[in-house]
Amino acid sequence: MCGANKSQFYRDQSSVEGQQFASNAYKQIIAAADITSGSSEETQFSFLSYFSRINYQLNKRYLLSLSGRIDGSSRFGANNRYGFFPAASVGWIISEESFLANNTLLSFLKLRASYGITGNAEIANFAPRGLFSGDAGYAGTPGQRPSQIENPDLKWEQTAQTDFGIDFGLFQGRISGELDYYIKNTRDLLLNVNVPATSGFSTQLRNIGKLENKGIEFVLNTQNLTGAFKWNTSINISRNKNKITDLQGQIIEGGYVNRAVEGQALGIFFAPEYAGVDTENGDALYYRNTELTDGSRDRSTTNDYNEAERVIIGDPNPNFIAGLTNSFSFKGFDLNILLQGVYGNDVYNAGGKFQSANGDFFDNQTKDQLKRWQKPGDITNVPQARLLGANGTGESSRYLSDASYTRLKTITLGYTLPSTLVNRIKLERVRIYATGQNLLTFTKYEGWDPEVNADFIASGSNIGLGTDFYSAPQPRTIIFGINLGF
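Residues numbered from 1 in each chain as written. Predicted model: local features only at pLDDT ≥ 70, side-chain atom pairs only at ≥ 80, totals over all residues. Heavy atoms only, no water.

K.L.:
Please set out the overall build of the protein residue by residue, giving values where relevant.
P.N.:
Counting its secondary structure elements, the protein contains two helices and 28 strands. Since a compact globule built from 486 residues should have a radius of gyration of about 23 Å, the 29 Å found for the protein marks it as more spread out than a globular shape. Residues counted as buried form 35% of the 486 residues belonging to the protein. Long-range contacts, defined here as pairs at least 24 residues apart, represent 62% of the contacts in the protein between residues at least 6 apart. Both charge centroids of the protein, one from 45 positive and one from 48 negative side chains, sit 10 Å from each other. (Helix = DSSP H or I, 4+ residues; strand = E, 2+ residues; numbered from the N terminus. Rg over C-alpha atoms; globule rule 2.2 N^0.38 Å. Buried < 20%, exposed > 50% of the residue type's maximum accessible area, 1.4 Å probe, protein only. Contact = heavy atoms within 4.5 Å. Lys, Arg positive; Asp, Glu negative; His and termini not counted. Charge placed at Lys NZ, Arg CZ, Asp CG, Glu CD.)

Next up, the structure:
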């Protein structure tokens with residue numbers, strides 16, 4: 001099979017804002033007494049792909065698949081816009097072999113292996129070009145300034161993945177599952193690397209470094225009861241460990257306290273280590289953590305934030321992710337329950353220095369700040385309240401939390417009306433249901449929601465992982481509905 005695909009995106013938009021209308025009856029911007037701001041944007045990008053695939057099967061048990069694709073993106077330099085991404089996989093359905101023909105335990109068994117290369121083009125439009133901005137005007141005089149350094153060599157970030165897997169079925173399919181082990185090696189990472197400040201910029205988007213991901217994924221499906229009352233269960237567990245294997249000596253900062261450095265996981269948290277509160281005067285304390293001659297670190301404390309060395313304080317990457325689904329049905333009733341969990345990851349509350357800052361700013365404070373130090377002898381983890389005093393509000397492990405959680409993600413209860421009743425009203429199927437989402441969450445996370453989605457993009461490859469900045473918690477919702485089949 002061969003094919004081609006082309007996609008284009010173009011946007012040209014302008015906006016203007018005004019205030020002070022004579023009344024709500026006026027709907028046009030011309031009626032505003034004060035035009036307060038305006039903006040405009042024009043952007044575009046395009047992709048062009050050619051692909052081919054060959055599948056081959058021999059004796060219903062030996063499988064081979066080959067594919068290749070050429071992808072082009074306008075987001076890269078003129079000489080590197082196209083990338084070639086091949087893939088190959090083999091499979092052996094062992095359960096079709098004659099020596100397992102009379103096996104009553106094993107209903108299906110397949111071994112498989114694959115190798116493939118994929119590309120990443122998730123960067124800004126016009127990323128390789130030298131750009132200028134016309135926003136450098138001053139006192140009514142127009143002006144322009146450089147806004148981006150040219151990099152005509154920018155190219156695709158590539159990930160080569162090797163995968164080994166087993167698919168199995170037992171007891172005529174009542175138990176089935178998959179087990180996968182994979183290795184991903186990414187090269188030519190798209191990262192904002194440090195450049196000499198004499199260029200007028202501090203960073204530039206380049207292809208640099210290598211990243212390794214290794215992991216295992218396991219899925220188990222069971223048909224626990226198969227009579228009038230049916231009960232099915234599905235369990236999935238995955239574990240992934242990543243490490244930057246090459247960054248050409250660069251140390252790249254991202255997000256608030258994230259960094260990328262060789263030998264460490266992508267996006268580790270790097271900041272001073274908070275040590276609590278001085279019981280005598282309410283000062284915030286930090287561990288000095290200066291490296292001693294014997295290789296250990298000085299664990300004495302200081303109330304001077306600038307005396308505390310930055311160290312690794314956490315990791316946004318989870319140890320493993322899991323999900324559990326149970327489905328029940330009986331005489332028209334159906335019940336589906338989904339639990340999900342993430343374990344071993346940390347989240348940095350970047351909004352903490354505003355909202356959990358013992359009154360340092362004018363933001364509304366979280367309830368735990370009521371436990372602030374107030375008099376000598378008080379034992380607490382919240383420093384003395386000092387307006388604009390920066391008492392413990394520097395970026396540090398104070399605002400880092402274990403974000404492991406287990407959540408009742410969804411639960412759905414439904415009832416399908418009997419066909420004899422439905423047919424009378426000229427319908428084929430009627431199902432009434434109610435669904436609850438995010439009903440329960442079990443976590444020690446100190447913020448609003450451990451399942452945050454406020455990642456700060458440092459570049460094409462995100463190293464600003466696991467950052468919470470006033471992220472709105474996911475809503476707890478209950479939905480009632482009806483499905484009609486005609």
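K.L.:
Explain the sheet that holds strand β23 (residues 346–349) to me, and be specific about the residues and the numbers.
P.N.:
Spatially, three strands are ordered β24-β23-β27 in an open sheet, and the strand pairing comes out mixed. Each edge of the open sheet carries a strand with a single partner, namely β24 (400–402) and β27 (467–468). Sheet analysis places β23 next to β24, joined by three bridges and oriented antiparallel. Directly across from valine 347, in β24, lies its bridge partner serine 401. (Pairing = 2+ DSSP bridges.)

K.L.:
Tell me what's going on with the packing of aromatic side chains, and back it up with residues and numbers.
P.N.:
The full count for this structure, using the stated rule, is 18 aromatic pairs. With a centroid separation of 5.4 Å and an interplanar angle of 25 degrees, the aromatic rings of phenylalanine 9 and phenylalanine 45 are classed as stacked. Taken together, the positions of phenylalanine 9 in strand β1 (residues 2–19) and phenylalanine 45 in strand β2 (residues 34–58) put the pair 36 residues apart, joining distant regions of the chain. Directly above the ring of phenylalanine 270 sits arginine 259, whose terminal nitrogen or CZ lies 3.6 Å from the centroid. Arginine 407 extends its terminal NZ or CZ atom over the ring of tyrosine 405, reaching a point 5.6 Å from the ring centre. (Phe/Tyr/Trp six-rings, centres within 6.5 Å; stacked < 30°, edge-to-face > 60°. Lys NZ or Arg CZ within 6 Å of the ring centre and 35° of its normal.)

K.L.:
I'd like to hear about the environment of isoleucine 252, residue by residue, with values.
P.N.:
By the element assignment, isoleucine 252 lies in strand β14 (residues 252–254). On the accessibility criterion, isoleucine 252 (2% relative accessible area) is buried. Along the sequence, isoleucine 252 and glutamate 262 sit 10 residues apart, while their C-alpha atoms lie 10.0 Å from each other. Setting aside residues no more than four positions away along its own chain, isoleucine 252 makes contact with Leu191, Asn192, Val193, Leu247, Asn258, Arg259, Ala260 and Ile463.

K.L.:
Mind laying out the pattern of salt bridges, listing which residues take part and the relevant values?
P.N.:
As enumerated under the stated definition, the model contains 20 salt bridges in all. Aspartate 71 is the salt-bridge partner of arginine 69, the closest N and O atoms lying 2.9 Å from each other. (Salt bridge = Lys/Arg side-chain N within 4 Å of Asp/Glu carboxyl O.)

K.L.:
Let's hear about unusual backbone geometry: which residues, and what values?
P.N.:
Negative phi characterises most residues that are not glycine, and trans characterises most peptide bonds. Located in the positive-phi region is leucine 388, a residue other than glycine, with phi close to 60 degrees. For leucine 388, the position within the fold is in the loop between α1 (352–355) and β24. On the basis of relative accessibility, which here comes to 58%, the residue leucine 388 falls in the exposed class. In this structure, alanine 390 is a non-glycine residue whose phi angle is positive, near 50 degrees. Within the element layout of this structure, alanine 390 appears in the loop between α1 and β24.

K.L.:
Could you give an account of the sheet that holds strand β18 (residues 284–287), naming the residues involved and the relevant values?
P.N.:
Within the open sheet, the three strands sit side by side as β17-β18-β19. Their pairing is antiparallel. The two strands at the open ends of the sheet, each matched to only one other strand, are β17 (274–277) and β19 (301–302). Relative to β18, β17 runs antiparallel, the two sharing three bridges. Across the sheet, valine 277 pairs through a bridge with alanine 284, a residue of β18.

K.L.:
Could you give an account of the side chain of asparagine 242, naming the residues involved and the relevant values?
P.N.:
Tracing the backbone through its elements, the reader meets asparagine 242 in strand β13 (residues 229–246). Taking the relative accessible area as the measure of exposure, asparagine 242 reaches 14% and is therefore buried. At 2.8 Å, the side chain of asparagine 242 and the backbone nitrogen of leucine 266 are in polar contact. Side chain to side chain, asparagine 242 and asparagine 317 meet in a polar contact 3.2 Å long. (Polar contact = N/O pair within 3.5 Å; in protein donor to acceptor, adjacent residues only side chain to side chain.)

Worth remembering: the numbers are spatial, not functional.
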